[in-house]
Structure formats: C-alpha cells, structure tokens
Amino acid sequence: SSLILLQVVFSRFCSPCDIKELFCTATGLSRNTTISLLDSTGAMVSIDPTMPNNSESHDYGCGLFSHLSDKEELFQNVLTQVAEQFSRAFKINELKTEVTNRLAMLEKRVELEGMKVVEIEKCRSDIKKLREEMASRNNRSVTSLSFLDDNKKLTPRRDVPSYPKYMLSQQTIDALRKPTFDVWLWESNEMLSCLEHMYHDLGLVKDFNINPITLKRWLLCIHDNYRSNPFHNFRHCFCVTQMMYSMIYLCNLQEKFTQVDILILMTAAVCHDLDHPGYNNTYQINARTELAVRYNDISPLENHHCAVAFQIFSQPDCNIFANFDPEAFKQIRQGTITLILATDMARHGEILDSFRQKVDNFDFTDEEHVTCLKMVLIKCCDISNEVRPMEVSEPWVDCLLEEYFMQSDREKAEGLPVAPFMDREKVTKPTAQIGFIKFVLIPMFETVLKLFPQIEEVMVQPLRESRDRYEELKQIDDAMNEKKKSENLTMGGKKK
C-alpha cells in the first residue's frame, strides 16, 4: 500500500463523522475502514464519530492508509467528489438562508396586506357612514320635509346657559299684557327675555319649582327649533304666546283655571309650531311626505310639533317639568298635546261646534268644558294677528302670503292641487283676509265673547274694523280693475 499525502481545507461546520462519511462514499470503501487525519504539524487527529464538532477551521494533511493503487488520479477524483459534496452541503445552507429570508419577506408582505385589508374595510365603513349621513341630510331637506336633526338642534346650548338678560321697563311689562303689543320691535333675545318674564310673572316658576336656568335653556332650545320661514317662525311663536298671556290677564283666567291649566296653555302656545317646514298639511298629504306617512295623514304637522316639543323636554337640561311627579307630568303632557293638535284648522268646525254647545251653560268645574275652552283659546291666539293694530297685523299678511305663494309654486311644479287662496295669480291681500275674518275669526271670537264680555272692545271690535278696512280696499281694487278693463277695451276698439 502506498501513502499519499494531500492537503484539504474543511469548514468549521463539518463534523469528523461527516468527513469520514464523505471519504467513504467517495472512495467506495466500507464504513468501518480506518481513516487517519494528520494536522499541518504531522500530529494525528481523531475522527471518532462521538467526538464533538471542532469550533475552529483546521488545515489538515490527509493521510489515507488503505489498499489503494498508486495512481494519484484516484485520489484526485476522490477529492473532487468530496469537494462537490461539500459544495452541495454549503449550497443547501445558503438555500435555507435564502428561503428563510424570503419567508420572512412574505410574512411581512402578508402582514402589510392584512393591514391594508383592515384599512380598506375601515374606508368602506367610513364611506358607508358618509353616504348614510348625506342621505339623511337629504331627507331632512325641504324636499322631503323630514324630522329635524335630533343630535344638533335638540341638544341644549351648555356653553350659553343664558341669553343676555334684558331689564324690562315697567312700560314694556304693562304693554306685554295687552293685545296691542307691537311684536315687531324686538330682537330674538329680547323676545326670549319677555317669554321668561311671562313664566315668572304668572307664578309658574315659583309654584312649580322650575329651575330658572333650565327655563332659559328650554327657551333657547325652543328658539333654535323654529325654522326661518316667512310666517311660521319664532316670532310667530312669540306672537301667539304673548296673545295667550294677554288673554290670561284680560279674561282673569287665573281665577277660573288651575295653575296647571295656565302652565299647559302657555307651554302649548310656545311649542305649537315647532320645526314647522313652511308647507301646510294639505301639501304634506298630497305630496306623501315622510310626516304624512308617519302620521297616516292625520294632522301630520301638529303631531310633529308635539313630538319635537317632548323630544326637547326629554333633555334633562331643558326639562322644566323635572320636579313634577310622574302623574303630574302625564297630565301636563296630555294637556299640551291636546291643545297643539287643536291648532289644525281642519278641525276648526268640529272644535267650535263643541264649544258652542257648552258656552251657554259653561261649567268651570267640568273638566271636559275646561279642556274645550282651552282648545278654543289656543286657536284664538294662533290666528289672532288681525286683533292687533293695523301697523302690527298687516306685515303678517305679507309674510303669510309669501309662504302661501312659495307652497303654491311648488305644488304647480310638482303637479299637485293648488288652493285658490294660495295662488299668486288669484289672490290679493283683501280677498285673502275678508273671508277669513268674516267666516272664521269673528264667529269664533264672538262665541268666546259670550263667556268673557271683556274681550269685545280690545279683541272683537278690532276684528270688525279690520274686516271693514279690507272690504274698502277690495272695493278700491275692484274699481281700479274695472277702469283698466274699460281702458283696454277702448284701446282695442281704436286699434280696430
């Protein structure tokens, strides 16, 4: 046998067992062949399979003691195969490292994609909410005459616990108790102060232990929930409430009614047109608006006014009835609803006929009689503008006609029926007012006159004078129209 010495460099990661396995496989020797390794100094190195891996790289001189041929090529082939085996081993490790790195990158991408999915879902959710909000706002627009924005208007102004306090002069306090009070002279904050004064002056704040700050907040919230319509606005609310206040004094109602009744009368007057959209019940029903559908065509506006009123009362900071026990609150709620629903003019004949049957033998101890009278009183106040002096009442006619014309124009555009008294092409101030004063106002106030004679001079007589004035204006208008017609005929004849 010959001794052939070759130098081979092994990695620190190769164990003796691996080296022996490679040599045996490369040379075709059995696994129990003795193989000795000499290091660079000539010292023998063990390759016992149980020997632990070397922690450092070594430059070994490799001595093979076997029954090999003397041909050097054999060992060159052996070394080539060993080198290939090592190369494959190292490539596997490199591949493992690459695969591990790629897996890490993929995991990161999956994580990022997952975050993108979450973001996409959040975007979708935000877009959905935005669409719902836009649809909701569209539904609340004049087009569909929907409910108001509960979250916005019904929330009391915590940052404004009170409006500027105006000290009312004695002259204003005295004027406030009379139907001749000029409602056009006051700003919103001044009207709020006047309303606040009424509740204090009637003893309602003291008798029912109403928190004065809550009263202020409630009135502010009421103001915010009247729309800026030409007629049905906060000034109209003030107008009706001030007339109720003046009738309480004029008719000495505090001597005949309980304080609970007075509270119901005043509160119903304040709330009676809350969130009025500026289009009457006829339009609501014909246009099949949300309110008409919600209330089955039965007094849709009046039902809505009641609902908004008690949505406001449901706010603790606006609940002037907070100190009432449940039974007392139930009585207040029912009484207020009854009066607001009575303001639907579609029920005018029914309510007035019921009152006429009772007025000649009226009994202030009869709850049914008292309720009927309260219904008539709020009706009187609601349509009482013509009771006031002409300089106060006439601007209200312009406001009402503006609102009527706005509705009739819309009805024409939508192909809905148009009431003649709302049609700008058919109605004038005198024609609008004469029939209403003659057939609605005077008969109702004259019926109340039977129970309260003191209203004749300050309320009924002004109505008669207003009727006469509009009849004179109508005669003037008719004469002018006749003159125009004759002039047109004359000019037409000359042309021929």
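Bear in mind that the values here come from a model prediction, so they are computed numbers and not experimental data. (Residues numbered from 1 in each chain as written. Predicted model: local features only at pLDDT ≥ 70, side-chain atom pairs only at ≥ 80, totals over all residues. Heavy atoms only, no water.)

K.L.:
Which residues make up the environment of Gln334, and what values go with them?
P.N.:
Counting through the fold element by element, Gln334 comes out in helix H14 (residues 326-341). For Gln334 and Ile264, which are 70 residues apart along the polypeptide, the C-alpha to C-alpha distance reads 9.3 Å. (Helix = DSSP H or I, 4+ residues; strand = E, 2+ residues; numbered from the N terminus.)

K.L.:
Account for the pattern of salt bridges, with residues named and values stated.
P.N.:
Scanning the model with the defined rule gives 19 salt bridges in all. One salt bridge in this structure joins Lys374 and Asp261, with 2.8 Å as the shortest N-O distance. With Lys374 in helix H16 (residues 367-382) and Asp261 in helix H10 (residues 259-271), this pair connects stretches of sequence that are 113 residues apart. Considered together, Lys374 and Asp261 belong to a single accessibility category, that of buried residues. Residue Glu446 pairs with Arg464 through a salt bridge whose shortest N-O separation is 3.0 Å. Placement of Glu446 in helix H18 (residues 429-451) and of Arg464 in helix H19 (residues 455-495) is noted, with a sequence separation of 18 residues between them. If you follow the salt bridges from partner to partner, you end up with Glu394, Asp398 and Lys429 in one network. (Salt bridge = Lys/Arg side-chain N within 4 Å of Asp/Glu carboxyl O. Buried < 20%, exposed > 50% of the residue type's maximum accessible area, 1.4 Å probe, protein only.)

K.L.:
Describe the packing of helix H15 (residues 348-359) against H18, listing the residues and the values that go with them.
P.N.:
Relative orientation of the contacting elements H15 and H18 amounts to 25°, with a least axis distance of 10 Å. On the basis of the axis angle, H15 is roughly parallel to H18. In this structure, the crossing between H15 and H18 has a hand that is left-handed. Residues His348, Leu352, Phe355, Arg356 and Val359 of H15 form the contact with H18, whose participating residues are Val440, Pro443, Met444, Thr447, Val448, Lys450 and Leu451. Tallied by class, the residues present in the contact of H15 with H18 amount to eight nonpolar, two polar and two charged. (Axes fitted to C-alpha atoms, helices over the stretch in contact; angles between N-to-C directions. Parallel < 35°, antiparallel > 145°, perpendicular 65-115°, else oblique. Left-handed = near helix turned anticlockwise from the far one by under 90°. Contact = heavy atoms within 4.5 Å. Nonpolar A, V, L, I, M, F, W, Y, C, P; charged D, E, K, R; others polar.)

K.L.:
Please give an account of the UniProt feature "binding site: Zn(2+) 1" (unreviewed entry) in the chain that cites residues and values.
P.N.:
Under the present numbering, the feature "binding site: Zn(2+) 1" (unreviewed entry) in UniProt falls on His236, His272, Asp273 and Asp382. Across 147 residues in sequence, these annotated residues keep their C-alpha atoms within 10.0 Å of one another, forming a single compact spot. When you line up the elements, His236 lands in helix H8 (residues 234-250). Ignoring sequence-local partners within four residues, the contact set of His236 consists of Phe231, His272, Asp273, Asp382 and Trp396. The residue Asp382 is located in helix H16 in this model. Residue class for Asp382 comes out buried when judged on its relative accessible area of 14%. With residues up to four places along the chain from it excluded, the contact list for Asp382 reads His236, Val240, His272, Asp273 and Thr343. At 3.2 Å, the side chain of Asp382 forms a polar contact with the side chain of His236. (UniProt positions renumbered as here; feature names shortened; annotations may be inferred. Polar contact = N/O pair within 3.5 Å; in protein donor to acceptor, adjacent residues only side chain to side chain.)

K.L.:
Break down the side chain of His197 for me, citing the residues and quoting the values.
P.N.:
Locating His197 in the fold gives a position in helix H5 (residues 188-201). Once residues within four sequence positions are removed from consideration, His197 is found in contact with Leu168, Ile173, Leu176 and Tyr245.

K.L.:
Pulling in residues and values, what's your account of the nonpolar core?
P.N.:
Within the largest apolar cluster, 103 residues are counted, with the highest numbers of intra-cluster contacts made by Tyr199, Trp218, Ile222 and Phe445. Those residues in contact with Tyr199 that lie beyond four places of it in its chain are Leu204, Val205, Leu215, Trp218, Leu263, Met266, Thr267, Val270 and Ile320. (Core = buried A, V, L, I, M, F, W, Y, C linked by side-chain atoms within 4.5 Å.)

K.L.:
Could you give an account of the packing of aromatic side chains, naming the residues involved and the relevant values?
P.N.:
By the definition in use, this model includes 20 aromatic pairs. Each ring, one from Phe313 and one from Phe321, has its centre 4.7 Å from the other, and the planes form 40°; the classification is tilted. In terms of burial, Phe313 and Phe321 fall into one category: buried. Taken together through their ring pairs, the aromatic side chains of Tyr199, Phe208, Trp218, Phe310, Phe313, Phe321, Phe324 and Phe329 make up a single cluster. Sitting over the ring of Phe310, Arg333 keeps its end group 4.7 Å from the ring centre. Above the face of the Tyr470 ring, Arg469 is positioned so that its terminal group lies 5.1 Å from the ring centre. (Phe/Tyr/Trp six-rings, centres within 6.5 Å; stacked < 30°, edge-to-face > 60°. Lys NZ or Arg CZ within 6 Å of the ring centre and 35° of its normal.)

K.L.:
Explain H5 residue by residue, including any values.
P.N.:
Under the 1.5 Å per step criterion, the end-to-end length of H5 is 20 Å for 14 residues, consistent within 8% with the ideal 20 Å. Taken together, the buried positions of H5 are occupied by Glu190, Met191, Leu192, Ser193, Cys194, Leu195, Glu196, His197, Met198 and Tyr199. In this fold, the buried residues of H5 make contact with helix H4 (170-176), helix H6 (204-207), helix H7 (212-224), H8 and H10. (Expected span 1.5 Å × (residues − 1).)

K.L.:
Go over H14, please, and point to the residues and values.
P.N.:
Its 16 residues give H14 an end-to-end C-alpha distance of 22 Å, which sits within 8% of 22 Å, the value for a rise of 1.5 Å per residue. Residues of H14 that are buried include every one of Ala328, Ile332, Gly335, Thr336, Ile337, Leu339 and Ile340, and no others. For H14, the secondary structure elements touched by its buried residues are H10, helix H13 (300-313) and H16. At the N-terminal boundary of H14, the capping side chain belongs to Asp325, with an oxygen 3.1 Å from the backbone nitrogen of Glu327.

K.L.:
Explain the state of the cysteines to me, and be specific about the residues and the numbers.
P.N.:
A complete count under the given rule lists zero disulfides for this structure. Unpaired in terms of disulfides, Cys251 finds its nearest cysteine sulfur in Cys381, a separation of 9.0 Å. Given the relative accessible area of 0%, Cys251 is considered buried. (Disulfide = S-S within 2.5 Å.)

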